[in-house]
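Understanding the architecture of this molecule
In case you want the letters, here they are:
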Amino acid sequence: MSKGPGLFSDFGKKAKDLLTRDYLSDHKFSVSTYSESGVALTTSTVKRGGYSSGDVAAQYKYNNISTDVKVDTESNISATFTVAEIVPSSKTIATLKFPNYESGKLEFQYFHAHASLTAAVGLNQSPPLDLSVTLGTPTFALGAEAGYETTSGKLTKYTAGITVTKPESCASIILGDKGDTIKASYIHHLDQLQKSAAVGEITRKFSTNENTFTVGGSYSIDGLTNVKMKLNNHGILGAVLQHELIGKSVLTLSSEFETKALDKTPKFGVALALKP
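Residues numbered from 1 in each chain as written. Predicted model: local features only at pLDDT ≥ 70, side-chain atom pairs only at ≥ 80, totals over all residues. Heavy atoms only, no water.

If you look the protein up in an unreviewed UniProt entry, it shows as Voltage-dependent anion-selective channel protein from Olea europaea subsp. europaea. Listed under Subcellular location (unreviewed entry) in UniProt, the entry text for the protein is "Membrane". Checking UniProt for the protein, the heading Function (unreviewed entry) contains the comment "Forms a channel through the cell membrane that allows diffusion of small hydrophilic molecules. The channel adopts an open conformation at low or zero membrane potential and a closed conformation at potentials above 30-40 mV. The open state has a weak anion selectivity whereas the closed state is cation-selective." (UniProt positions renumbered as here; feature names shortened; annotations may be inferred.)

Printed below as a string of structure tokens:
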């Protein structure tokens, strides 16, 4: 693939992941195994309140082809097929689901030194069409995306953004929700391995004059333990503790509570991922 500006979907992704990933409110247990043929199997069980669910996922990679299949306890089946380099510097992704087969999608991604393009079409009788384009370099890029409903002939979404990326930091501004929301984010890595970082994000919704400001960060205590925290202007405080066990297994503990309503029961989550 060409080293260019990346996809529009990557704008602000690093900051978003730091503020949302691993903040759990349920209990999850997963076990991964790998066969000699290259098949990766992952079995997961999730408990939310008094309801439990599970799924089995398989992944297989061969040359430039990748296949992912998942089956859950409610008999939902999803499959994703990814093929790279059908056209040079491109990636084609097909997503199929059953029994909700109308939510399937076919996506094409093209990468250039100074541009990237994605086009996705739904696999149903009235397929929605999503397009995005990014222009620039790995350091500075402009991008936009739009969604078109073929049945009504109307635009369902349009978004534009700008991002500046450096080895130690990344800043993004995105105008979304058909121009009703603007989001600005900034992440700064505190070490060369990018295991510790500070992040800030502000979102303004023009129709309601509502502002949400969130700050957070992650810190690597040692090679096996990492902590994360975040706090927004509504008083929501979240914390995550991750510790690597034997092998590549990871234990994640998460908690979230409202500092302006301490009488409310805090949310707790735990995840244990066992890997060989």
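1. Quick look at the overall build of the protein
When helices and strands are tallied, the protein shows one helix and 19 strands. Expected size for 276 residues packed as a compact globule is a radius of gyration near 19 Å; at 21 Å, the protein falls within 12% of this value. By principal-axis analysis of the C-alpha atoms, the protein measures approximately 50 × 50 × 40 Å. Here the protein holds 276 residues, and 30% of them are scored as buried. The contacts in the protein between residues at least 6 apart in sequence include a share of 26% that link residues at least 24 apart. As displayed, the protein has an accessible area near 16,600 Å², and 61% of this comes from carbon and sulfur atoms. If the 28 positive side-chain charges of the protein are averaged to one point and the 26 negative ones to another, these points end up 2 Å apart. (Helix = DSSP H or I, 4+ residues; strand = E, 2+ residues; numbered from the N terminus. Rg over C-alpha atoms; globule rule 2.2 N^0.38 Å. Buried < 20%, exposed > 50% of the residue type's maximum accessible area, 1.4 Å probe, protein only. Contact = heavy atoms within 4.5 Å. Areas by Shrake-Rupley, 256 points an atom, 1.4 Å probe, with all protein chains shown as cover. Lys, Arg positive; Asp, Glu negative; His and termini not counted. Charge placed at Lys NZ, Arg CZ, Asp CG, Glu CD.)

2. Regarding helix α1 (residues 13–20)
If you check which residues of α1 are buried, you get A15, L18 and L19. Looking straight down α1, one finds its buried side chains confined to an arc of 95°; they lie on one side. Two residues or fewer after α1 comes D22, characterised by a positive phi angle close to 75°. (Arc of directions from axis to C-beta.)

3. Focus on the pairing of strand β3 (residues 51–62)
In this structure, strand β2 (residues 39–48) lies alongside β3, joined through 10 bridges in antiparallel fashion. Its bridge partner lying in β3, S44 is registered against D55. Between β2 and β3, which pair antiparallel and follow one another directly, the connecting turn spans two residues, one of which, G49, has a positive phi of 65°. With eight bridges joining them, β3 and strand β4 (residues 65–72) adopt antiparallel strand pairing. By the bridge assignment for β4, Y60 is matched with T67. (Pairing = 2+ DSSP bridges.)

4. Re the pairing of β4
In this antiparallel pair of consecutive strands, β3 and β4, the connection spans two residues, and N63 shows a positive phi of 55°. Pairing of β4 with strand β5 (residues 77–84) involves seven bridges; the strand directions are antiparallel. Of the residues in β5, the one forming a bridge with T67 is F81.

5. A few points about the packing of aromatic side chains
Applying the stated rule across the entire model yields one aromatic pair. Their ring planes at 45° and their centres at 4.9 Å tell us that F8 and F11 sit as a pair that is tilted. (Phe/Tyr/Trp six-rings, centres within 6.5 Å; stacked < 30°, edge-to-face > 60°.)

6. Thoughts on the nonpolar core
Residues A15, L18, L19, C170, I187, A197 and V199 constitute the largest nonpolar core, which totals seven residues. Broken down by secondary-structure element, the contributors of at least two residues to this core are α1 and β14 (197–205). It is α1 that contributes the most residues to this core, three residues altogether. (Core = buried A, V, L, I, M, F, W, Y, C linked by side-chain atoms within 4.5 Å.)

7. Structural notes on the side chain of E201
Along the chain, the position of E201 falls in strand β14. It turns out E201 is buried and unbridged, and the closest side chain with the opposite charge, K183, is 4.3 Å from it. (Salt bridge = Lys/Arg side-chain N within 4 Å of Asp/Glu carboxyl O.)

8. A short note on the pattern of salt bridges
Following the criterion strictly, the structure yields six salt bridges and no others. Ionic pairing is found between K264 and E258, a salt bridge with its closest N-O pair at 3.5 Å. Judged by relative accessible area, E258 falls into the partly exposed class, the value being 30%. Salt bridges sharing common partners tie together K13, D17 and R21.

9. Side note on a nonpolar patch on the surface
A grouping of I86, V87, F108, Y110, L117, V133 and L135 is seen on the molecular surface, where their side chains present a nonpolar patch of about 580 Å² in accessible area. Counting only elements with at least two residues in the nonpolar patch, the list comes to β7 (105–112) and β9 (128–136). Inspection of the secondary structure assignment puts Y110 in strand β7. Overall, Y110 belongs to the partly exposed group, its relative accessible area being 30%. (Patch = residues over 30% accessible without salt bridge, like charges linked within 9 Å, V, L, I, M, F, W, Y side chains within 5 Å.)

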